[in-house]
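Coordinate inspection notes
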Amino acid sequence: MDRPLPTLGNPQNTIAVLQKYGFNFQKKFGQNFLIDTHVLDKIIAAANIGPDDFVVEIGPGIGTMTQYLAYAAREVCAVEIDHNLIPILEDTLSGYDNVTVLNKDILKVDLNALAQEKNGGRPIKVVANLPYYITTPIVMGLFENHVPLESVTVMVQKEVAERMQVGPGTKDYGALSLAVQYYAEPYIVANVPPNCFMPRPKVGSAVIRLTLHTDTPIQVKDEKLMFRLIRASFNQRRKTLVNGITNSAELQYTKEEVAQAIEKCGFPPAVRGETLELKQFAMLSDALQE
Ligand code: SAM
């Protein structure tokens, strides 16, 4: 079957669909639909979608980006929590025979099983204009559950994209930067202003592509311990690393043990976590584990 060209992605057609179904936006689901074809083209190009790809889309809304994905990919699975959007998606995606819509909460979908079923366990591409209220749990969930991923190309709040991309020495550097960079190479593709969405969000947005590392950039003996240390040091940003770690409810080290490990790594005694790179957190984690 020849796939139709996407028709949504401009304000007129979006309004027509919304009116046809009397759809009311639900704030609690972070619904801001894309109405700019240039932005949509940019996302598809950045995600490098081609005819061999199986793509998971998180939160298809009325199916705007889904049409673009379905046009370019082999197969698309779109996961939408709002049941009011399901009849609309059946309509807007009726021309595409390569799309499945799941009416589910993405945080409860077994994406490992889906990748196995639809892509023979090979790495999949995830593309989304994310609901901003759960950006971090969604992105970290993909990584921590070890979903086989090739790339994650997502629209997020501009500040969040910046946090994902920065290194030590900036105020945006934090646990999210380190976690994302442990798993992937981040690249901000475009900044997107509020007028590209309906309704307009109160914040600026950015498209970021996270390309999964084929080999993790650092070796660490206990990944979970390293991330506990990272969280502890950024939860109490203004404290020294020794105090941050000893105050953490997630960790049971004495001041002496932490100070000794810090010395062993060759860091200054009053070092703060925000100055350390990923590989230095890995060193500290290995030293504490010993
Ligand atoms: N992709 C559409 C677009 O770009 O026009 C809509 C994007 S809108 C920012 C986010 C979408 O995610 C909404 O359709 C919302 O209902 C859906 N959503 C919110 N929370 C979700 C969840 N936990 N699981 C799946 N979808 C969710």
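Use the structure listed above.
Here's what I pulled together on the structure shown here.

The subject of this paragraph is the overall build of the protein. Check the secondary structure of the protein and you find 12 helices and nine strands. Taking 19 Å as the expected radius of gyration for a compact globule of 290 residues, we find that the protein reaches 21 Å, a close match to that expectation. Based on the C-alpha atoms only, the size of the protein along its principal axes is roughly 65 × 40 × 30 Å. Across the protein, contacts joining residues at least 24 apart in sequence account for 68% of those joining residues at least 6 apart. Carbon together with sulfur atoms contributes 49% to the accessible area of the protein, which is approximately 13,900 Å² in total. For the protein, the distance from the average site of its 28 positive side-chain charges to the average site of its 32 negative ones is 6 Å.

Turning our attention to the nonpolar core. Within the largest apolar cluster, 66 residues are counted, with the highest numbers of intra-cluster contacts made by Phe143, Leu210, Met226 and Leu284. Residue contributions to this core peak at seven residues, all from helix α9 (residues 223-235). For Leu284, the residues in contact, after removing those within four places along its chain, are Leu229, Leu241, Ile245, Ala261, Ile262, Cys265 and Phe267.

The next subject is the side chain of Ser205. Structurally, Ser205 can be placed in strand β9 (residues 205-212). Classification of Ser205 by relative accessible area gives buried; the value is 1%. Residues within four places of Ser205 in sequence aside, it is in contact with Tyr132, Met155, Val156, Gln157, Lys158, Ala190, Asn191, Val192 and Phe197.

Bringing the packing of helix α2 (residues 37-47) against helix α3 (residues 64-72) into the picture now. It is the contact of α2 with α3, at a shortest axis distance of 10 Å, that shows an interaxial angle of 45 degrees. It follows that α2 is oblique to α3 by the angle criterion. Considering only the axes of α2 and α3, their crossing is right-handed. On the side of α2, the interface is formed by Thr37, Leu40, Asp41, Ile43 and Ile44, while α3 contributes Thr64, Met65, Tyr68, Leu69 and Ala72. Grouping the amino acids of the contact of α2 with α3 by side-chain chemistry returns seven nonpolar, two polar and one charged.

Before going further, it helps to examine the sheet that holds strand β2 (residues 54-58). Taken in spatial order, the seven strands of this open sheet run β4-β3-β2-β5-β6-β9-β7, and their pairing is mixed. The open sheet has two free edges, formed respectively by β4 (99-102) and β7 (184-192), since each of these has just one partner strand. On average, adjacent strands in this sheet sit at an angle of 20 degrees to one another, irrespective of strand direction. Taken together, the eight bridges between β7 and β9 define a ladder with antiparallel strand orientation. Along β9, the bridge assignment pairs Glu185 with Thr211. Helix α5 (residues 111-119) contacts β2, β3 (75-79), β4 and β5 (124-129) of the sheet and is inclined by roughly 145 degrees relative to β2.

Lining the immediate environment of the ligand, one finds 23 residues, of which Leu34, Gly59, Glu80, Asn129 and Tyr133 sit closest. Backbone polar atom of Gly61 to an oxygen atom of the ligand: 3.3 Å apart, as the coordinates give it. Taken together, the residues of the shell around the ligand break down into 12 nonpolar, six polar and five charged.

Along helix α7 (residues 158-165), the residues that are buried comprise Val160, Ala161 and Met164. Buried residues along α7 cover an arc of 100 degrees about the axis, so they all sit on one side.

Evaluated as defined, the whole model comprises nine aromatic pairs. Arranged with centres 6.3 Å apart and planes meeting at 5 degrees, the rings of Tyr183 and Phe227 form a pair that is stacked. One end of the pair, Tyr183, is in helix α8 (residues 175-183); the other, Phe227, is in helix α9, and 44 residues separate them in sequence. Each residue in the set Phe143, Tyr182, Tyr183 and Phe227 is aromatic and connected to the rest through ring pairs, giving one cluster.

So, on to the side chain of Asn119. Among the secondary structure elements, Asn119 is positioned in helix α5. Residue Asn119 is classed as buried on the basis of its relative accessible area of 3%. Ignoring any residue separated from it by four or fewer positions in sequence, one finds Asn119 in contact with Phe54, Arg74, Leu114 and Ile124.

The subject of this paragraph is the pattern of salt bridges. Applying the stated rule across the entire model yields 11 salt bridges. Linking Asp91 and Lys20 is a salt bridge whose minimum nitrogen-to-oxygen distance equals 2.8 Å. Taken together, the residues Asp91 in helix α4 (residues 86-92) and Lys20 in helix α1 (residues 11-20) connect sequence positions 71 residues apart. Under the relative-accessibility criterion, Asp91 is labelled partly exposed at 28%.

Rules used throughout
- Residues numbered from 1 in each chain as written.
- Predicted model: local features only at pLDDT ≥ 70, side-chain atom pairs only at ≥ 80, totals over all residues.
- Heavy atoms only, no water.
- Helix = DSSP H or I, 4+ residues; strand = E, 2+ residues; numbered from the N terminus.
- Rg over C-alpha atoms; globule rule 2.2 N^0.38 Å.
- Contact = heavy atoms within 4.5 Å.
- Areas by Shrake-Rupley, 256 points an atom, 1.4 Å probe, with all protein chains shown as cover.
- Lys, Arg positive; Asp, Glu negative; His and termini not counted.
- Charge placed at Lys NZ, Arg CZ, Asp CG, Glu CD.
- Core = buried A, V, L, I, M, F, W, Y, C linked by side-chain atoms within 4.5 Å.
- Buried < 20%, exposed > 50% of the residue type's maximum accessible area, 1.4 Å probe, protein only.
- Axes fitted to C-alpha atoms, helices over the stretch in contact; angles between N-to-C directions.
- Parallel < 35°, antiparallel > 145°, perpendicular 65-115°, else oblique.
- Left-handed = near helix turned anticlockwise from the far one by under 90°.
- Nonpolar A, V, L, I, M, F, W, Y, C, P; charged D, E, K, R; others polar.
- Pairing = 2+ DSSP bridges.
- Near = heavy atom within 4 Å.
- Polar contact = N/O pair within 3.5 Å; in protein donor to acceptor, adjacent residues only side chain to side chain.
- Arc of directions from axis to C-beta.
- Phe/Tyr/Trp six-rings, centres within 6.5 Å; stacked < 30°, edge-to-face > 60°.
- Salt bridge = Lys/Arg side-chain N within 4 Å of Asp/Glu carboxyl O.

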